[in-house]
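Structural overview for review
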Amino acid sequence: MISKDIRSYFPILNQEVNGNPLVYLDSAATSQKPVQVIEALKKYYEFDNSNVHRGVHTLGNRATESYEGAREKVRNFISAKSTQEIIFMRGTTTAINTVAQSYGGANVEEGDEIVITYMEHHSNIIPWQQLAKQKGAVLKYVDLEEDGTLSLEKVRATVTPRTKIVSIMYVSNVLGTMNPIKEIAQIAHENGAIMVVDGAQAAPHLRIDVQDLDCDFFAFSGHKMCGPTGIGVLYGKKELLEQMKPIEFGGEMIDFVGLYDSTWKELPWKFEGGTPIIAGAVGLAAAIDFLEEIGLDEIEKHEHKLAAYAMERMSTINGLTMYGPKDPEKRAGLVTFNLDDVHPHDVATVLDMSGIAVRAGHHCAQPLMKWLQVSATARASFYVYNSEEDIDRLVAGLNTAKEYFNDVF
Amino acid sequence: MSFNNLDQLYRTVIMDHYKKPRNKGALEDSVTIDMNNPTCGDRIHLTLQVSDGVVQDAKFDGEGCSISMASASMMTQAVKGKPVDEALKLSTIFSDMMLGKEYDDSIDLGDIEALSGVAKFPARIKCATLAWKAMEKGVENESHS
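Everything quoted here is computed from the prediction, not taken from an experiment.

Residues and elements named next belong to chain A. What the 7 strands build is an open sheet, ordered 4-10-9-8-7-5-6; its pairing is mixed. Across the chains shown, the open sheet's two edge strands, defined by having one partner strand only, are strand 4 (86-89) and strand 6 (138-142). Pairs of neighbouring strands in the sheet enclose a mean axial angle of 20 degrees, with direction left out of account. For strand 5 (residues 113-117) and strand 7 (residues 163-169), the ladder comprises 3 bridges, and the chain directions are parallel. Residue pairing across strands places Ile114 opposite Ile165, the latter belonging to strand 7.

Written as structure tokens, this is what we have:
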């Protein structure tokens, strides 16, 4: 069980917002950082900061060891075969764009199909729209079930031998749905397509095993899993990455540079042009240590428990609609909702005045908002530092919002 | 709990415009402007009839929070019948008000004044300014056509 003491590792949570103790329920947007991560960044900049892979000097060696040590930590975290398959990038968005432009650019042709779903985040829609336009390829959407889940039958009906790429989120940032990636990857492979996974909402919350999932690419961001912003990871199967061309050229990624042509370093460095995100990787490694110490299985359990508690408590509020699967076991730790007659922005402002941070808007998922037939929603998302008391505060805040908008005016 | 801090934002007149919007709908034979706030999904469909340098009529449709819809309702009410330069002047005053700057108070702002509290809620300023930006764009289009 996750102890409430976990909260004390997060200095930012120890403050008042608008005269009330802060309740942070926006971790699906970005998570807060524990003191272990903040200290690791501080230590890196105070003692080890240097450029990597080039200096002969001691600091250069230390920085290189920290950076490559972080890569090994990530490899182990997602159970990849080799550190050559772990590429550091700015985040999930850059990782998916890299797959679209590099792998997609070389392998997708006119009339080929790319399959995504209605629940995708913009970062797993637009790179594919752009690729489809460049190539004259067809972008296809798998429709959702009424409860916001995916049916394998519909996936099977959408993926065909003309499909080259299937790209689907592991966990929905709006519905909380956990998608059957392993089964979908199998369907993709049976049709000769590759499987790309947007793991931004999965990596922070559940144990990832890319070999078991048998996905070809897996993208995630550090900042949603207690790490710093500006660092993320693209995992790719070595045999695919080896065939792919870099899309950024410059220092660090080259082997030999002539006047008119150059050759690239081996994996993973050929995809890491320029001075890499060294401090970010160090911070991400500290975040992984922190999460591993708690245990990813414990984190997943904690979030199911909070989701179940939130859904039960929120269902007592009249006029409140929740979106996504009804069964808390089928969803991650977030609840997206609307309150009748109160716009989500107004809900978020009232909650903010009570010190409660939630997200309001379209959550970077406009096609899904259209599917849900809403223009915006509010979302409360939970992480290791949240407790049932935070949800009690949320429910009280929502009752205040209702009272304020329905009774005061 | 006390609603004092909320009352700075949500004044009675704002909620009145939100619940009973003025000039809701669409005009025919008009300048049409569609605008949205890409970060939050608020959306306005504004139609303006401008002739002889005067905003003859204005109507709006859309979806959004209380602040954005009330502001749209107030804006249409304020610019209807006004010469274009006066409408643009009101827009400047409104923008200054939202930025917390000193604003020209020689003109009677009527209901618009109620939105002055929005300046204290930085995240909500773009909700209030959406309709005004749409109006500016529409008037500009018309004066160039």
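Now for the pattern of salt bridges. Residues and elements named next belong to chain A. Tallied over the full model, the rule gives 28 salt bridges over all chains. Lys154 is paired through a salt bridge with Glu145; the nearest N and O atoms lie 2.8 Å apart. Note that Glu292 is salt-bridged to Arg207, the shortest N-O span being 3.8 Å. Placement of Glu292 in helix 9 (residues 278-294) and of Arg207 in the loop between strand 8 (194-198) and helix 7 (210-213) is noted, with a sequence separation of 85 residues between them. Residue Glu292 is classed as partly exposed on the basis of its relative accessible area of 27%. Under the relative-accessibility criterion, Arg207 is labelled partly exposed at 41%. Residues joined by salt bridges that share partners form a network here, namely Lys43, Asp48 and Arg62.

Before going further, it helps to spend a moment on the nonpolar core. Residues Tyr170, Met195, Phe218 and Val384 of chain A are the most contacted members of the largest nonpolar core, which totals 80 residues. Of all the elements, helix 9 of chain A adds the most residues to this core, at 12 residues. Apart from the residues lying within four places of it in its own chain, the contact partners of Val384 of chain A are Ile2, Ile6, Phe10, Phe290, Ile294, Ile299 and His302 of chain A. Phe382 of chain A together with Leu6, Val55 and Val84 of chain B belong to the second-largest nonpolar core, a separate cluster that totals 77 residues.

What follows covers the packing of aromatic side chains. Geometry of an aromatic ring pair is reported as the spacing of the ring centres plus the angle between the planes. Residues and elements named next belong to chain A. Across all of its chains, the model carries 16 aromatic pairs over all chains by this definition. Geometrically, the ring pair formed by Tyr44 and Tyr45 is edge-to-face, given 5.3 Å between the ring centres and 65 degrees between the ring planes. The class of Tyr44 is buried, set by a relative accessible area of 2%. Classification of Tyr45 by relative accessible area gives exposed; the value is 53%. Pairing Tyr170 with Phe218 gives two aromatic rings, centres 6.4 Å apart and planes at 85 degrees, and the pair type is edge-to-face.

The next point concerns the pairing of strand 7 of chain A. Residue and element names in this part refer to chain A. Counting buried positions along strand 7 yields 6 of 7 residues, so the element is predominantly enclosed. Pairing geometry for strand 7 and strand 8, over 5 bridges, is parallel. Bridge assignment links Val166 to a residue of strand 8, and that residue is Met195. The β-α-β motif built from strand 7, the intervening helix 6 (residues 181-190) and the parallel element strand 8 has right-handed crossover chirality.

All right, on to the sheet that holds strand 13 (residues 320-323) of chain A then. All names here are of chain A. If you trace the 4 strands from one edge of the open sheet to the other, you get 13-14-17-16, paired in antiparallel fashion. The strands lining the two open edges of the sheet, one partner per strand, are strand 13 and strand 16 (359-361). Taken over all neighbouring pairs, the strand axes of this sheet differ in orientation by 30 degrees on average, direction set aside. Its contacts with the sheet put helix 10 (residues 296-314) on strand 13 and strand 14 (334-339), and the angle it makes with strand 14 is roughly 15 degrees. In the packing of helix 11 (residues 344-353) onto the sheet, contacts are made with strand 14, strand 16 and strand 17 (377-381), and the angle to strand 16 comes to roughly 160 degrees.

In the numbering used here, UniProt assigns the feature "domain: NIF system FeS cluster assembly NifU N-terminal" (unreviewed entry) to residues 10-127 of chain B. Along residues 10-127 of chain B, the helical share is 34% and the strand share 21%, with 13 Å between the first and last C-alpha atoms.

So, on to the interface of chain A and chain B. Contact residues are listed per partner, giving 19 residues for chain A and 25 residues for chain B. Taking both sides of the interface into account, the surface hidden between chain A and chain B amounts to around 1,800 Å²; carbon and sulfur atoms contribute 61%. Along the contact surface separating chain A from chain B lie 1 salt bridge. One salt bridge connects Arg124 of chain B with Asp346 of chain A, and the closest N-O pair in it is separated by 2.8 Å. Here chain A is connected to chain B by 10 residue pairs in polar contact (both at pLDDT 80 or more). Taken together, the residues of the side of chain A that touches chain B sort by class into 7 nonpolar, 9 polar and 3 charged.

Criteria and thresholds
Residues numbered from 1 in each chain as written. Chains lettered and ligands numbered in written order. Predicted model: local features only at pLDDT ≥ 70, side-chain atom pairs only at ≥ 80, totals over all residues. Heavy atoms only, no water. Pairing = 2+ DSSP bridges. Helix = DSSP H or I, 4+ residues; strand = E, 2+ residues; numbered from the N terminus. Axes fitted to C-alpha atoms, helices over the stretch in contact; angles between N-to-C directions. Salt bridge = Lys/Arg side-chain N within 4 Å of Asp/Glu carboxyl O. Buried < 20%, exposed > 50% of the residue type's maximum accessible area, 1.4 Å probe, protein only. Core = buried A, V, L, I, M, F, W, Y, C linked by side-chain atoms within 4.5 Å. Contact = heavy atoms within 4.5 Å. Phe/Tyr/Trp six-rings, centres within 6.5 Å; stacked < 30°, edge-to-face > 60°. Right-handed = clockwise from strand over helix to strand, strands pointing away. UniProt positions renumbered as here; feature names shortened; annotations may be inferred. Buried area = accessible area lost by both parts, 1.4 Å probe. Polar contact = N/O pair within 3.5 Å; in protein donor to acceptor, adjacent residues only side chain to side chain. Nonpolar A, V, L, I, M, F, W, Y, C, P; charged D, E, K, R; others polar.

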